[in-house]
Number of protein chains: 2
Amino acid sequence: METQTATTTDQLFISTDAMLAHWQGHRNLTRRVIEAFPEDKLFNHSIGGMRPFAELAMELIDIAAPGVEGLATGKWEKIEEFDHTKTMPKTKEGLLELWDKVTVTIDSVWPKISSERFQKVESAFGQYEYPNYASLLYFVDNEIHHRAQGYVYLRSLGIQPPFFWER
Amino acid sequence: METQTATTTDQLFISTDAMLAHWQGHRNLTRRVIEAFPEDKLFNHSIGGMRPFAELAMELIDIAAPGVEGLATGKWEKIEEFDHTKTMPKTKEGLLELWDKVTVTIDSVWPKISSERFQKVESAFGQYEYPNYASLLYFVDNEIHHRAQGYVYLRSLGIQPPFFWER
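The structure presented is a predicted model; accordingly, all values stated were derived computationally and were not measured.

A. A look at the overall build of chain A. Per the secondary structure count, chain A includes six helices and three strands. The N-to-C order of helical and strand elements in chain A reads β-α-α-α-α-α-β-β-α. Against the 2.2 N^0.38 benchmark of 15 Å for 167 residues, chain A shows a C-alpha radius of gyration of 16 Å, consistent with a compact globule. Along the first, second and third principal axes, the C-alpha atoms of chain A reach 50 × 35 × 30 Å.

B. Main features of the packing of aromatic side chains. Applying the stated criterion to the full structure yields 20 aromatic pairs over all chains. For the ring pair F37(A) and F53(A), a centre distance of 5.2 Å and an interplane angle of 10° mean the geometry is stacked. Of the two residues, F37(A) is situated in the loop between α1 (16-36) and α2 (39-44) and F53(A) in helix α3 (residues 53-73); the sequence distance between them amounts to 16 residues. As far as the burial class goes, F37(A) and F53(A) line up, both buried. The structure contains a cluster of three or more aromatic residues connected by ring pairs, namely F13(A), W23(B), W110(B), F118(B) and Y133(B). In this structure, K78(A) is placed above the aromatic ring of F125(A), and the distance from its NZ or CZ to the ring centre is 4.7 Å.

C. Just unusual backbone geometry, in detail. In the Ramachandran plot, F125(A) falls in the positive-phi region, its phi being about 55° despite a non-glycine side chain. Mapping F125(A) onto the fold places it in the loop between β2 (121-123) and β3 (129-131).

D. Quick look at the UniProt feature "binding site: a divalent metal cation" (unreviewed entry) in chain A. All names here are of chain A. Per the UniProt entry, the sites bearing "binding site: a divalent metal cation" (unreviewed entry) are H146 in this numbering. Take H146: its relative accessible area is 7%, and that puts it in the buried class. For H146, the residues in contact, after removing those within four places along its chain, are R51, F53, L56, E59 and L60. At 3.3 Å, the side chain of H146 forms a polar contact with the side chain of E59.

E. Looking closely at the nonpolar core. Counting 101 residues, the largest nonpolar core has L136(A) and L136(B) as the members making the most contacts within it. Element by element, the count of residues in this core is highest for α3(A), at 13 residues. In contact with L136(B), not counting residues within four places along its chain, are F13(A), M19(B), W23(B), L71(B), W110(B) and F118(B).

F. Highlighting the pattern of salt bridges. For the structure shown, the criterion picks out 18 salt bridges over all chains. When the shortest N-O distance is used, the salt bridge between R32(A) and E166(A) registers 3.8 Å. A residue pair is termed long-range when its members are at least 10 positions apart, and R32(A) in helix α1 and E166(A) in the segment after α6 (132-156) qualify at 134 residues. In this structure R32(A) comes out as partly exposed when scored by relative accessible area, which is 23%. Residue class for E166(A) comes out partly exposed when judged on its relative accessible area of 37%. In this structure, the salt-bridge partner of K101(B) is E81(B), at a minimum N-O distance of 2.5 Å. With K101(B) in helix α4 (residues 92-109) and E81(B) in the loop between α3 (53-73) and α4, this residue pair connects regions lying 20 residues apart in the sequence.

G. The relation of the copies chain A and chain B, seen in detail. Turning chain A through 180° and shifting it by 0.0 Å along the axis lays it on chain B, with an RMSD of 0.0 Å. Those values place the two copies in the arrangement expected of a two-fold rotation axis. Most of the interface of chain A is mirrored in chain B: 100% of its interface residues are interface residues there too.

H. Geometry of the interface of chain A and chain B. Taken together, the contacts link 38 residues of chain A with 38 residues of chain B. Interface area for chain A against chain B, summed over the two sides, is near 3,900 Å², with a carbon-plus-sulfur share of 71%. Connecting chain A to chain B are two salt bridges. Residue R167(B) pairs with D141(A) through a salt bridge whose shortest N-O separation is 3.9 Å. One can count 14 residue pairs in polar contact (both at pLDDT 80 or more) joining chain A with chain B. Taken together, the elements giving at least two residues each to the side of chain A that touches chain B come down to β1 (12-15), α1, α5 (115-119) and α6 of chain A. Top element by residues in the side of chain A that touches chain B is α6(A). It accounts for 14 residues. Pairing analysis gives three bridges linking β1(A) to strand β1 (residues 12-15) of chain B, with the strands arranged antiparallel. Directly across from I14(A), in β1(B), lies its bridge partner I14(B).

I. A look at the packing of α1(A) against α3(A). Residue and element names in this part refer to chain A. At their nearest, the axes of α1 and α3 sit 11 Å apart, and the two run at 155° to each other. Viewed along their axes, α1 and α3 adopt a mutual orientation that is roughly antiparallel. Judged by the sense of rotation from one axis to the other, the crossing of α1 with α3 is left-handed. Within the contact between the two elements, α1 uses W23, R27, T30, V33 and I34 and α3 uses F53, A57, L60, A64 and V68. Broken down by class, the residue content of the contact of α1 with α3 amounts to eight nonpolar, one polar and one charged.

Cut-off values and rules
Residues numbered from 1 in each chain as written. Chains lettered and ligands numbered in written order. Predicted model: local features only at pLDDT ≥ 70, side-chain atom pairs only at ≥ 80, totals over all residues. Heavy atoms only, no water. Helix = DSSP H or I, 4+ residues; strand = E, 2+ residues; numbered from the N terminus. Rg over C-alpha atoms; globule rule 2.2 N^0.38 Å. Phe/Tyr/Trp six-rings, centres within 6.5 Å; stacked < 30°, edge-to-face > 60°. Buried < 20%, exposed > 50% of the residue type's maximum accessible area, 1.4 Å probe, protein only. Lys NZ or Arg CZ within 6 Å of the ring centre and 35° of its normal. UniProt positions renumbered as here; feature names shortened; annotations may be inferred. Contact = heavy atoms within 4.5 Å. Polar contact = N/O pair within 3.5 Å; in protein donor to acceptor, adjacent residues only side chain to side chain. Core = buried A, V, L, I, M, F, W, Y, C linked by side-chain atoms within 4.5 Å. Salt bridge = Lys/Arg side-chain N within 4 Å of Asp/Glu carboxyl O. Least-squares fit on C-alpha atoms with pLDDT ≥ 70 in both. Buried area = accessible area lost by both parts, 1.4 Å probe. Pairing = 2+ DSSP bridges. Axes fitted to C-alpha atoms, helices over the stretch in contact; angles between N-to-C directions. Parallel < 35°, antiparallel > 145°, perpendicular 65-115°, else oblique. Left-handed = near helix turned anticlockwise from the far one by under 90°. Nonpolar A, V, L, I, M, F, W, Y, C, P; charged D, E, K, R; others polar.

Following this line, the structure appears as C-alpha cells:
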C-alpha cells in the first residue's frame, strides 16, 4: 500500500463524498447477500473449513462500526455492541438489525471526517501504520473478499446470488 | 455508484498516485493466486458451475489492459491480444506472461491520465455511464471478487492461499 501522505500536488482520484456512496453501495449489496441465505445455511454452511457467512458478516460489522469512528477521531477502539468476540446474533433478523445500525452510524459520522484525516498515517486497530484512506480501502476490500466467499457458498447451495453490479 | 462529477469543493479521499499503487498491489496479489494453483486445477477446477480460475484471470486481463487505455484516451475498445473471447493461454506460464504485460502497460499509461479524466462521466466499454473513477473502482472490485472465488477454490483443494493483506 502507498504510505506517503498527501501533498498539495496530489491529484484527486475520488472525493470523500463519492467514497461514502461507494462504501455504502457495497454494504447494501452485502446486506442482500445476507438476505439471500436460508436461515440455517447462513449460520452453518461452509466450504474448505472456512467460516459460515454469518460469522464473516459479523466480522464486517465489527470493523465498519468502530472503523468509521476511528477514521473520524483517531481513537481505534472496538465497540462492545458490535464486537464479534462478544456479540453473535442467533437469527438473520438479528444480524440485519446490527447491519442497519452500522449503516446509520456511518452516514452520521462520515461528514465529520476531513480530507486531512483520510491522508493521516495511523495504526488502525493497532495494526501496521498506513494512511487512513488505505485502511478504509482495506475494510471495503475485505468486505468484497468475504462477500465473494458468500457468493460461492450460495452457488454451491444452488442459490443465485444478487447481481454484483447492483449496489 | 456516485454519478456526479467533481467540483472545486470536492475533498480528496485518495490521490491518483496512491490509487495506482492500490491497483497494482491488488494485481500483484492476484498474480500470486494464479501461481498458487496446480497447473491442471487452474484450468479445470470449479465449484457450483462457476468458471475455472484461469478463465476468471483472463477476464481480468481483458478488462485491465483496454481499461487503462480507455481511462487515458476515452476510447473504450477491446485489445485483441488480451481479448478473452479470442485468446486463452493453455499454460500457467502463458497466463502469467499476459498478466505481466498488462502490469507494464498500466504503469506506462497511468501517468498520462489526469484527475479531470477520472472525474469525467463516460460509458466504459459501452456500459452504463459513470465517472471514470467509478469504472476503475469497479474493475478493482471485480478483481477482488473473482480472486476471492479463487481463494475458495484453493481452500477446497486443501491449498493455503496467499495472505490477503500482502500486496
